[in-house]
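Chain residues, written in single-letter form:
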Amino acid sequence: MADLLGLSARIIDSGVADEPVNRITQELSEVAQGVAVVESFSHSIAFSTGDGLLVFDASGSATGGRVVESLRRWTPDPIHTIVYTHGHLDHVGGSPAFLADALDRGFARPSFVGQAGVVDRMARYRLTDRWNRLINERQFGWVPNTDLRIGAGQSSSTESMESMEGGSPGGGLFGDRFLPDDVAQPDVTYSDVLALQVGGIEVQLRHGKGETDDHTWAWIPRFKAICCGDFLIWNFPNAGNPQKVQRYPAEWAASLRAMAALEPELLLPAHGLPIGGAERIQSVLLDVATVLEDLVSRTVSMMNAGATLDEIVHTVRVPDEILARPYLRPLYDEPEFVVRNIWRLYGGWWDANPARLKPAPDADLAQEVASIAGSAAALAKRSEELAAAGRLDLACQLAEWAGQADPDDPSVHAARARVYMQRYKSESSLMAKGIYASAARESEAKAQHRLPAR
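Residues numbered from 1 in each chain as written. Predicted model: local features only at pLDDT ≥ 70, side-chain atom pairs only at ≥ 80, totals over all residues. Heavy atoms only, no water.

(A) Expanded view of the side chain of Ser443. Inspection of the secondary structure assignment puts Ser443 in helix 16 (residues 430-447). The class of Ser443 is buried, set by a relative accessible area of 0%. Excluding residues that lie within four positions of it along the chain, Ser443 makes contacts with His413, Arg416 and Ala417. (Helix = DSSP H or I, 4+ residues; strand = E, 2+ residues; numbered from the N terminus. Buried < 20%, exposed > 50% of the residue type's maximum accessible area, 1.4 Å probe, protein only. Contact = heavy atoms within 4.5 Å.)

Now the structure itself:
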């Protein structure tokens, strides 16, 4: 068993993440007597009770079986209750392995518990099945001209991020359906607060919006422990994902402050290392809450002053010294995307530029710009000059216009692919890397006279 609490203490106290903080060992480690963490693509956290195991999260479909194996090497006790912290697939997808274990051993079926929104989420996933597979393939897809998948082994903090919202390690990301039919829905749901008693352990479940609208965090008084799900992921909070539904940074911060008010001595996140020590936990929870609150406050203040989204996005920043903290590095999501989500939450989809209220088709605009420039090839050439000068933001826009103005020119798409690959390499967050690599992959396919891979 690994000394996970010792590792997290050293990293937090030193401020240096010189070892992985999101480990994917599939191994179980005890962090207190009768409390274990199985480090997976999304961890499963287990409490030994008099009536069987109380487990938080079932991991993903590709890893659930190995999580169950690790639990079985720890104890033969039946699994009594599984609490979903929220409905993302890497937290619920492994449930069939838990059901199969109960059936094989002749145990009663475990009870599944979740906030009521988990059921609604599962229905939405089935409604938007193909869309979810497309956006997750883009977010976690292949890097052009390599055997690498976005997020796989990029850094110590993104090693497990590949599956945080539905991806799975290796091979194709998804099977025939985004949400497999055999994933267990909650048997017990609640709205705001739910008290559970499993064996001799009392658990208080609390709903809080954050990365999702169906999120649960739990207070276990006996251990002075909190299972916080994805409210802490040892990365900058995933409150801005550009391809996913609305996130709630202000409510996220409020939940973190509510956790801190309980003065926990053990913090058990679903991604990243568990944390021990009341003072250390307070520091982490309040740091993350303060960063989110500051982004909300500054963004809304500029909105109230009449600023456009463009002005806000290019003004509101998080200081580099804060982003350097081991649990706040922007290696999955990043502050700029959170600012955009705050605008969407409070201001709607229009960015305050009148020309973009009812815009011309992108291809028409691109052709007009190419006509002014002389040709799509001229735009592509200038985009590479700007990229070489380090203005990748401008370079990408010109490369995009070039590709839209002349979608059948292989040389234009070759330039577009090079620009987006350079942008991919310059970015830190998995969100940005996935989208830029997808654009490069698309143009690389067109440059080689073949259809883009889907």
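(B) Geometry of the nonpolar core. Core analysis: the largest hydrophobic core is formed by 70 residues, its most contacted members being Phe47, Phe56, Val203, Leu205, Trp234 and Leu268. At 10 residues, helix 8 (residues 278-304) tops the list of elements feeding residues into this core. Counting 33 residues, the second largest nonpolar core, distinct from the first, contains Phe140, Tyr332, Val412 and Tyr420. (Core = buried A, V, L, I, M, F, W, Y, C linked by side-chain atoms within 4.5 Å.)

(C) Focus on the sheet that holds strand 3 (residues 44-49). Spatially, the seven strands line up as an open sheet ordered 1-2-3-4-5-6-7, and their pairing is mixed. The sheet is open, and its two borders are formed by strand 1 (28-32) and strand 7 (188-190), each paired with just one other strand. If you compare each strand with its neighbour and ignore which way they point, the axes differ by 20° on average. Inspection of the sheet shows strand 4 (residues 52-56) paired to strand 5 (residues 79-83) by four bridges, in the parallel sense. Pairing of Leu54 across the sheet is with Thr81, part of strand 5. Strand contacts of helix 4 (residues 95-105): strand 3, strand 4, strand 5 and strand 6 (111-115), with the helix running at about 170° to strand 5, the strand carrying the most contacts. (Pairing = 2+ DSSP bridges. Axes fitted to C-alpha atoms, helices over the stretch in contact; angles between N-to-C directions.)

(D) Broad picture of unusual backbone geometry. Even without a glycine there, the phi angle at Gln26 is positive, about 65°. One can find Gln26 in the loop between helix 1 (4-14) and strand 1. Judged by its relative accessible area of 5%, Gln26 falls in the buried class. Even without being a glycine, Ser59 presents a positive backbone phi close to 60°. Classification of Ser59 by relative accessible area gives buried; the value is 0%.

(E) Structural view of the sheet that holds strand 8 (residues 193-198). Overall, mixed pairing links the six strands, which are arranged 8-9-10-11-12-13 in an open sheet. Each edge of the open sheet carries a strand with a single partner, namely strand 8 and strand 13 (275-276). Where strand 8 and strand 9 (residues 201-207) come together, six bridges link them in antiparallel fashion. The partner of Val193 across the bridge, within strand 9, is Arg206.

(F) Broad picture of the environment of Thr63. Position of Thr63 among the secondary structure elements: in the loop between strand 4 and helix 2 (64-74). Once the C-alpha coordinates of Thr63 and Ala97 are considered, the two residues, 34 residues apart in sequence, prove to be 8.9 Å apart. Discounting residues that sit within four places of it in the chain, Thr63 has contacts with Gln26, Ser40 and Phe41. There is a polar contact of 3.4 Å between the side chain of Thr63 and the side chain of Ser40. (Polar contact = N/O pair within 3.5 Å; in protein donor to acceptor, adjacent residues only side chain to side chain.)

(G) Quick look at the packing of aromatic side chains. One pass over the structure, following the stated rule, counts seven aromatic pairs. Between the aromatic rings of Phe47 and Phe223, the centroid separation amounts to 5.6 Å while the plane-to-plane angle is 55°, which identifies the pairing as tilted. Of this pair, Phe47 sits in strand 3 while Phe223 sits in the loop between strand 10 (216-220) and strand 11 (225-229); the two residues are 176 residues apart in sequence, bridging distant segments of the chain. What makes Phe47 buried here is its relative accessible area of 0%. Between Tyr420 and Tyr436, the aromatic rings sit 5.9 Å apart at their centres with planes inclined by 20°, giving stacked as the arrangement. Here Tyr420 is found in helix 15 (residues 410-426), whereas its partner Tyr436 is found in helix 16, with 16 residues between them in sequence. According to the relative accessible area criterion, Tyr420 is buried, its value standing at 8%. Chaining the aromatic ring pairs together yields one cluster made of Phe47, Phe56 and Phe223. Seen from the ring of Tyr248, Lys209 lies directly overhead, with NZ or CZ sitting 4.8 Å from the centre. (Phe/Tyr/Trp six-rings, centres within 6.5 Å; stacked < 30°, edge-to-face > 60°. Lys NZ or Arg CZ within 6 Å of the ring centre and 35° of its normal.)

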